[in-house]
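Structural features, examined
Here are the chains, one letter per residue:
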Amino acid sequence: MDRLRQALDFCIRHQATLGYSTVSLLTAAMEHIFSTAVFKCPCNSGNMVYGSFFLLAPAFVLLLFGYMVDARTWRQLTGICSRKKKWETCTHFCKVLVPMTARALVAPLTWISVALLGANFYECAASGNNMIELFFCNKNKTGCQLCKDNEADCPLFKIPCDEKLSANRSSERLSLQAQSQLIGWFLIVSIMTVALISKCVSRCCSSVSYPQLKLRKIYSEKETEVFETKAEEHATKLAEGNTNCFFVATDPAPFPTPSKEEWRKISLFLDSQKKYYNMMRK
């Protein structure tokens, strides 16, 4: 029982990291299924479009899905067009959009990185690229002439379908699979470097100490839990009162509810008039 409690405490403390890890693993598994069961390179002049679509289109869909499932997105967008100071509201929304985008990019970047390491999508797309064709022509004049005379016999387009041809590399250039894997590792290293630098800069520029940031995080979580509980209780009492008044045909008694302005004030994550965020504190 104690070990189970310790495991639960660990999951709660690191729920963000575990959540991102789970998303990354599911995305990697989905990419593997797509690359092995769904993806079939046409091995013709449409290689570039087909390969690029499988590499980028799912990443874009995952980015949109990341925005959709993030509650902060809808919290910021709700009522944004009806607010009076639209310029300040839009400026604030742009500031909040940066961390929201960072969270939403976890799955898309995982998809692209894993796909590049697998090399299937890139190999198909690159075999139909004009620049790759120029490099190919410099080494193989006969193959280049075949590409011009008859696309069906072009050896460049058949690279994704011919393992022997794909494995043929020279000292002047790497194979398409090696290029894809190098780009994939470069992307992973770049993401980790940018994430680390961003984290360091945000912590270095913080006006409060680490224990204060920890307190702020705990307070925000507890405040959200209490708010949801109280909101449910408030809504239940209001619904019961209105329902009783309907059946007994009487006017409902006055029921205290926060004003529209008070609701608007707590709808922002960061109030420009306050130094530190909390939702309800006056």
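Residues numbered from 1 in each chain as written. Predicted model: local features only at pLDDT ≥ 70, side-chain atom pairs only at ≥ 80, totals over all residues. Heavy atoms only, no water.

In plain terms, the rule: UniProt positions are given in the numbering used here, feature names are shortened, and annotations may be inferred rather than shown by experiment.
With an unreviewed UniProt entry as reference, the protein chain is termed CAHM6 protein, source organism Pteruthius melanotis. Annotation of the protein chain in UniProt includes, under Subcellular location (unreviewed entry), the sentence "Membrane". Of the protein chain, the UniProt comment under Sequence similarities (unreviewed entry) reads exactly: "Belongs to the CALHM family."

**Looking at the state of the cysteines**
Spelled out, the test is: Throughout, disulfides are identified as pairs of cysteine sulfur atoms within 2.5 Å of each other.
For the structure on display, the rule yields one disulfide. Of all cysteine sulfurs, the one in Cys204 lies closest to Cys205, which takes part in no disulfide; the gap is 6.6 Å.

**A short note on helix H3 (residues 47-69)**
Each turn of an α-helix holds 3.6 residues, which means side chains three or four residues apart point in the same direction. Quick reminder of the rule: Per the convention used, a helix needs a DSSP run of H or I reaching at least four residues, while a strand needs a run of E reaching at least two, with both numbered from the N terminus. To estimate how far a helix should reach, multiply one less than its number of residues by 1.5 Å. Each residue is assigned a bend, namely the angle between axes fitted to the seven residues that terminate at it and the seven residues that start at it.
The end-to-end C-alpha distance of H3 is 33 Å, a good match for the 33 Å that 23 residues give at a rise of 1.5 Å each. Remark: the principal bend of H3, roughly 30°, maps to Phe53.

**Thoughts on the UniProt feature "transmembrane region" (unreviewed entry) in the protein chain**
Taking the UniProt record as the reference, the feature "transmembrane region" (unreviewed entry) is found at residues 48-69 and 182-198. Within residues 48-69, the helical portion is 100% and the strand portion 0%, while the C-alpha atoms at the span's ends are 32 Å from each other. Secondary structure across residues 182-198 divides into 100% helix and 0% strand, with the first and last C-alpha atoms of the span separated by 24 Å.

**Quick notes on the packing of aromatic side chains**
Both the distance between ring centres and the angle between the ring planes are used here to describe each pair of aromatic rings. Worth spelling out the cut-off: Ring pairs shown here join Phe, Tyr and Trp side chains whose ring centres sit within 6.5 Å, with only the six-membered ring taken for Trp; geometry is labelled stacked below 30 degrees between planes, edge-to-face above 60, and tilted in between. Buried means the residue's accessible area, taken with a 1.4 Å probe over protein chains only, is under 20% of the maximum for its type, while exposed means over 50%, and partly exposed covers the values in between.
A complete count under the given rule lists eight aromatic pairs for this structure. Centre to centre, the rings of Phe39 and Tyr50 are 5.2 Å apart; their planes meet at 35°, and the pair counts as tilted. Taken together, the residues Phe39 in the loop between helix H2 (15-38) and H3 and Tyr50 in helix H3 connect sequence positions eleven residues apart. The exposure class of Phe39 is buried, given its relative accessible area of 8%. With relative accessibility at 25%, the residue Tyr50 sits in the partly exposed group. Their ring planes at 45° and their centres at 4.9 Å tell us that Tyr50 and Phe54 sit as a pair that is tilted.

**Let's talk about the environment of Ser127**
Short version of the rule: We call two residues contacting when some pair of their heavy atoms lies within 4.5 Å.
With respect to the helices, strands and loops of the structure, Ser127 is situated in the loop between helix H7 (120-126) and helix H8 (130-139). Relative accessible area serves as the criterion here: at 0%, Ser127 is assigned to the buried category. Note: C-alpha distance between Ser127 and Leu156 (29 residues apart in sequence) is 5.8 Å. If we skip the residues at most four places from it in the chain, Ser127 touches Asn47, Leu156, Phe157, Pro160 and Leu176.

**A few points about the nonpolar core**
Inside soluble globular proteins, nonpolar side chains tend to come together where they are buried. Operational definition: Throughout this description, the term nonpolar core refers to a set of buried Ala, Val, Leu, Ile, Met, Phe, Trp, Tyr and Cys residues connected via side-chain atoms within 4.5 Å.
Counting 19 residues, the largest nonpolar core has Phe39, Cys41, Leu55, Trp111, Ile112, Leu116 and Phe121 as the members making the most contacts within it. Breaking this core down by element, the ones donating at least two residues are H3, helix H6 (106-118) and H7. Looking at which element gives the most residues to this core, the answer is H6, with five residues.

**Examining the side chain of Asn47**
Threshold: N or O atoms closer than or at 3.5 Å make up a polar contact, with two conditions inside protein: a donor-capable atom paired with an acceptor-capable one, and, for residues adjacent in sequence, both atoms drawn from side chains.
Residue placement: Asn47 occurs in helix H3. Judged by its relative accessible area of 0%, Asn47 is buried. Within the structure, the side chain of Asn47 is placed 2.9 Å from the backbone nitrogen of Cys43, a separation counted as a polar contact.

**As for the packing of H6 against helix H11 (residues 176-204)**
Rules: Where helices are involved, their axes are fitted lines through C-alpha atoms of the stretch in contact, as for all axes, and angles between N-to-C directions lie from 0 to 180°. Each angle is binned into one of four classes, with values under 35 degrees roughly parallel, values over 145 roughly antiparallel, values of 65 to 115 roughly perpendicular, and all other values oblique. Left-handed is the label given to a crossing in which the near helix is rotated counterclockwise from the far helix by less than a right angle, and right-handed is the label when the rotation is clockwise. Each residue receives one of three labels: charged for Asp, Glu, Lys and Arg, nonpolar for Ala, Val, Leu, Ile, Met, Phe, Trp, Tyr, Cys and Pro, and polar for the others, Gly being one of them.
Packing of H6 against H11 leaves a shortest axis separation of 7 Å and a crossing angle of 150°. One finds that H6 runs roughly antiparallel with respect to H11. Considering how the two elements wind past one another, H6 and H11 form a crossing that is left-handed. Contacts from Leu109, Ile112, Ser113, Ala115, Leu116 and Leu117 in H6 reach Ser180, Gln181, Ile183, Gly184, Trp185, Leu187, Ile188 and Ile191 in H11. A per-class count over the contact of H6 with H11 returns ten nonpolar, four polar and no charged.

**A word on the confidence of the model for the protein chain**
When pLDDT drops low, the exact placement of atoms in the prediction is not to be read closely. What counts here: Each residue gets a pLDDT score, which is the predictor's confidence in that residue and runs from 0 to 100.
With 71% of its residues at a pLDDT of 70 or more, the protein chain shows a mean pLDDT of 76. When pLDDT is averaged over each helix and strand of the protein chain, the minimum, 52, is found for helix H9 (residues 141-149) and the maximum, 93, for H6. Low pLDDT (under 50) marks residues 269-277, which in the prediction has 17 contacts with non-local residues, meaning those over four places away or in another chain.

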